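Each chain is listed here by its residues.
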Amino acid sequence: MENSEKTEVVLLACGSFNPITNMHLRLFELAKDYMNGTGKYEVIKGIISPVGDAYKKKGLISAHHRVTMAELATENSEWLEVDTWESRQQDWVETASVLRHHQEKLEASSCDHQQDSPVLERPGRKRKWAEQRQDFSQKKSLEQRKTKGVPKVKLLCGADFLESFGVPNLWKGEDITKIVGDYGLICITRAGNDAQKFIYESDVLWKHQNNIHLVNEWITNDISSTKIRRALRRGQSIRYLVPDLVQEYIEKHSLYSSESEERNVGVILAPLQRKTAEADT
Amino acid sequence: MKSRIPVVLLACGSFNPITNMHLRLFEVARDHLHQTGRYQVIGGIISPVNDNYGKKDLVAARHRVAMARLALQTSDWIQVDPWESEQVQWTETVKVLRHHHSKLLRSLSRKEGPDQGKVDSPAPAAVPELKLLCGADVLKTFQTPNLWKDTHIQEIVEKFGLVCVDRAGHDPKGYILGSPILQRYQDNIHLAREPVQNEISATYIRRALGQGQSVKYLLPDAVIAYIKEHDLYASLGEE
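Note that the structure is predicted; figures quoted are calculated from it, not measured.

Participant: Run through the overall build of chain A, naming residues and quoting values.
Facilitator: For chain A, the count of helices and strands is 13 helices and six strands. Within chain A, the proportion of its 281 residues that are buried is 50%. Long-range contacts, defined as pairs at least 24 residues apart, comprise 78% of the intrachain contacts of chain A with a sequence gap of at least 6. Split by element, the accessible area of chain A, about 14,200 Å² in all, is 48% carbon and sulfur.

Dropping the structure here:
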């Protein structure tokens with residue numbers, strides 16, 4: 001009997017999730033279908049990692065709310081979950097480090113075949129019963145699965161993320177190399193040609209093109225968080241653009257106003273700040 | 001202060017299956033009408049088309065109605081009405097509008113009887129209007145020869161009114177300008193802009209389902225569960 005040669009994959013999405021929308025959630029579904037459809041991969045988990053407040057993006061509301069909304073949004077998902085490690089760090093964490101953190105965590109738990117402890121530990125945080133139930137079923141399926149090797153973490157993103165590699169001083173060259181070289185990218189895009197062109201025009205991306213998966217999004221699904229926040233400021237409905245629980249949470253806590261949009265105005269984005277600081281030393 | 005005209009929005013269509021985009025039409029239309037200051041949207045009706053419409057891949061009306069009902073479980077103002085789907089044959093849109101409008105007027109005259117719960121107003125309550133809610137693609141179909149009777153188009157825009165929501169690749173203003181009837185009654189045609197381009201076509205949904213791909217977050221979970229339970233849209237090109 002042939003053992004499955006498929007590589008197990010964990011999809012990791014980093015971002016503001018300010019707020020999380022149906023589009024973010026769709027990215028995961030599209031990526032999973034695509035990767036599983038290649039016959040070479042099996043997507044076993046999706047992780048949403050909201051950025052910490054120290055990112056200092058304009059309009060970024062507190063991580064507590066953004067995490068809670070993401071948790072509400074993934075409450076009834078069997079494979080998506082929210083990880084708060086990044087958001088709990090005091091300083092902003094570079095994406096490559098978040099990837100490394102999660103890869104190391106997978107390697108650590110993979111060594112522990114006994115599976116005595118839950119697969120994911122979140123010290124200091126009360127675990128909801130729903131997660132524990134999810135972990136239990138994950139535990140069961142991990143035991144059942146005949147796997148070879150440790151699951152691989154890959155970064156899930158949209159085309160705007162890929163193109164942000166071109167923004168001066170936003171990324172360290174070595175980080176881009178790590179992200180596409182050591183981990184890999186799954187990029188959901190409507191404009192496949194533009195993304196391919198972008199890869200072609202970058203030596204680093206070109207070198208690691210086998211590790212960059214472009215997935216076509218045939219439905220125009222333009223539910224950007226920016227538009228959600230704008231609609232909320234204007235008293236317009238956001239129903240059916242975000243999960244119902246998220247919409248109710250936003251309404252209950254009156255998140256997103258003109259005031260909240262003014263947060264961090266005039267403050268330099270953390271990665272740019274860091275780049276400048278390093279240049280000065 | 002001038003009081004607002006109460007409006008009920010009626011959407012006709014296959015709803016095969018209902019999607020988040022269909023539901024968005026109502027939300028966008030309501031926001032738009034409220035913003036004009038002239039209207040108060042008091043309800044929404046989804047009217048799935050009759051099986052005898054003969055459109056390809058149309059699953060049984062009872063399923064389409066059931067799915068819409070599930071999708072609307074969490075809505076406090078939109079409902080599904082199976083009247084059109086329960087008729088013996090396909091019913092022209094204008095007749096569906098007439099039916100629902102008289103039903104609306106009858107239910108109001110019953111309310112205005114002994115019921116003392118309403119706020120007292122010196123003048124009689126404004127007569128509610130029933131407006132046809134649609135995407136810009138439907139407005140375009142008015143141009144298709146023989147698809148609509150001219151008298152019907154006129155009655156729809158003159159007597160009822162249209163709320164038409166933007167759709168990518170369409171030019172609703174252009175369609176209006178290109179039609180004498182629409183131009184004459186353009187004040188009764190409200191063009192609502194959907195700021196979030198959201199092209200979740202039911203055709204795409206059916207294809208994705210046929211190919212075993214995920215449609216989560218494009219339609220309500222309850223609808224997806226129903227589709228799986230009843231094995232709808234499981235393969236392409238069903239007889």
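This is not the end of the story, as more comes after the structure.
Participant: For the overall build of chain B, give the residues involved together with the corresponding values.
Facilitator: Counting secondary structure elements, chain B contains ten helices and six strands. What you see for chain B is a C-alpha radius of gyration of 19 Å, in line with the 18 Å of a compact globule of 239 residues. Dimensions along the principal axes, computed over C-alpha positions, put chain B at roughly 60 × 45 × 40 Å. Burial status across chain B gives 51% buried among its 239 residues. When contacts within chain B are restricted to residue pairs at least 6 apart in sequence, those whose partners lie at least 24 apart make up 77%.

Participant: Any details on the confidence of the model for chain B? Residues and values, ideally.
Facilitator: All names here are of chain B. Residues at a pLDDT of 70 or more form 92% of chain B, whose mean pLDDT is 89. Per-residue pLDDT, averaged within each element of chain B, yields its smallest value for helix H5 (residues 136–141) (89) and its largest for strand S3 (residues 78–80) (98). ipTM for the predicted complex: 0.84, alongside a pTM of 0.85.

Participant: Mind laying out the pairing of strand S5 (residues 162–165) of chain B, listing which residues take part and the relevant values?
Facilitator: Where a strand is regular, its side chains alternate between the two sheet faces. Residues and elements named next belong to chain B. Where burial is concerned, the two faces of S5 agree: the one with Leu162 and Cys164 and the one with Val163 and Val165 are both buried. Direction of pairing for S5 relative to strand S6 (residues 189–192): parallel, over a ladder of four bridges. Note on S6: the bridge partner recorded for Val163 is His190.

Participant: Mind laying out the side chain of Ser225 of chain A, listing which residues take part and the relevant values?
Facilitator: Residue and element names in this part refer to chain A. By the secondary structure assignment, Ser225 is in helix H10 (residues 225–233). Within the local environment of Ser225, its side chain forms a polar contact with the backbone oxygen of Pro19, the two atoms lying 2.7 Å apart. Apart from residues lying up to four places away in sequence, Ser225 is in contact with Asn18, Pro19, Thr21 and His24.

Participant: Can you tell me about the environment of Leu72 of chain A, naming the residues and giving the values?
Facilitator: Residue and element names in this part refer to chain A. With respect to the helices, strands and loops of the structure, Leu72 is situated in helix H2 (residues 63–73). On the basis of relative accessible area, Leu72 is assigned to the buried category, the value being 19%. With 37 residues separating them along the chain, Leu72 and Ser109 place their C-alpha atoms 26 Å apart. With residues near it in sequence (within four places) discarded, Leu72 still touches Leu245 and Tyr249.

Participant: Just give me the short version of the packing of H2 of chain A against helix H11 (residues 244–253) of chain A, but keep the residues and values in it.
Facilitator: All names here are of chain A. It is the contact of H2 with H11, at a shortest axis distance of 8 Å, that shows an interaxial angle of 150 degrees. The orientation of H2 relative to H11 falls into the category roughly antiparallel. Where H2 crosses over H11, the handedness of that crossing is right-handed. Of H11, the residues touching H2 (which contributes His64, His65, Thr68, Met69, Leu72 and Ala73) are Leu245, Val246, Tyr249, Ile250 and His253.

Participant: Help me get a handle on the nonpolar core, residues and values and all.
Facilitator: If you look at the biggest cluster of nonpolar residues, it comprises 85 residues, and the most contacted ones within it are Ile20 and Met69 of chain A together with Leu9, Ile18, Ile46, Met67 and Leu133 of chain B. Every residue in contact with Ile18 of chain B, bar those within four places of it in the chain, is listed here: Leu23, Ile46, Met67, Ala68, Ala71, Leu219 and Val223 of chain B. With 28 residues, the next largest nonpolar core counts Leu12, Ile176, Ile179 and Leu205 of chain A among its residues.

Participant: Residue-level account of the packing of aromatic side chains, with values.
Facilitator: Two numbers describe a pair of aromatic rings. These are the distance of the centres and the angle of the planes. Residue and element names in this part refer to chain A. Per the stated rule, a full pass over the model turns up nine aromatic pairs over all chains. Members of the aromatic cluster, joined through ring pairs, are Phe161, Phe165 and Trp171. One Lys or Arg, Lys32, reaches over the ring of Trp79 and ends 4.5 Å from the middle of that ring.

Participant: An account of the sheet that holds strand S5 (residues 185–189) of chain A is requested, with residue identities and associated values reported.
Facilitator: Residue and element names in this part refer to chain A. Strand order in the open sheet formed by six strands is S3-S2-S1-S4-S5-S6, and the pairing between neighbours is parallel. For this open sheet the edge positions go to strand S3 (80–82) and strand S6 (212–216), each flanked by a neighbour on one side alone. Across the sheet, the axes of successive neighbouring strands diverge by a mean angle of 25 degrees, strand direction being ignored. As paired elements, strand S2 (residues 41–50) and S3 share three bridges and run parallel to each other. Note on S3: the bridge partner recorded for Ile47 is Glu81. Where helix H4 (residues 95–111) meets the sheet, its contacts fall on strand S1 (7–15), S2 and strand S4 (152–158), and the angle it forms with S4 comes to roughly 145 degrees.

Cut-offs applied
Residues numbered from 1 in each chain as written. Chains lettered and ligands numbered in written order. Predicted model: local features only at pLDDT ≥ 70, side-chain atom pairs only at ≥ 80, totals over all residues. Heavy atoms only, no water. Helix = DSSP H or I, 4+ residues; strand = E, 2+ residues; numbered from the N terminus. Buried < 20%, exposed > 50% of the residue type's maximum accessible area, 1.4 Å probe, protein only. Contact = heavy atoms within 4.5 Å. Areas by Shrake-Rupley, 256 points an atom, 1.4 Å probe, with all protein chains shown as cover. Rg over C-alpha atoms; globule rule 2.2 N^0.38 Å. pLDDT = per-residue confidence, 0-100. Pairing = 2+ DSSP bridges. Polar contact = N/O pair within 3.5 Å; in protein donor to acceptor, adjacent residues only side chain to side chain. Axes fitted to C-alpha atoms, helices over the stretch in contact; angles between N-to-C directions. Parallel < 35°, antiparallel > 145°, perpendicular 65-115°, else oblique. Left-handed = near helix turned anticlockwise from the far one by under 90°. Core = buried A, V, L, I, M, F, W, Y, C linked by side-chain atoms within 4.5 Å. Phe/Tyr/Trp six-rings, centres within 6.5 Å; stacked < 30°, edge-to-face > 60°. Lys NZ or Arg CZ within 6 Å of the ring centre and 35° of its normal.

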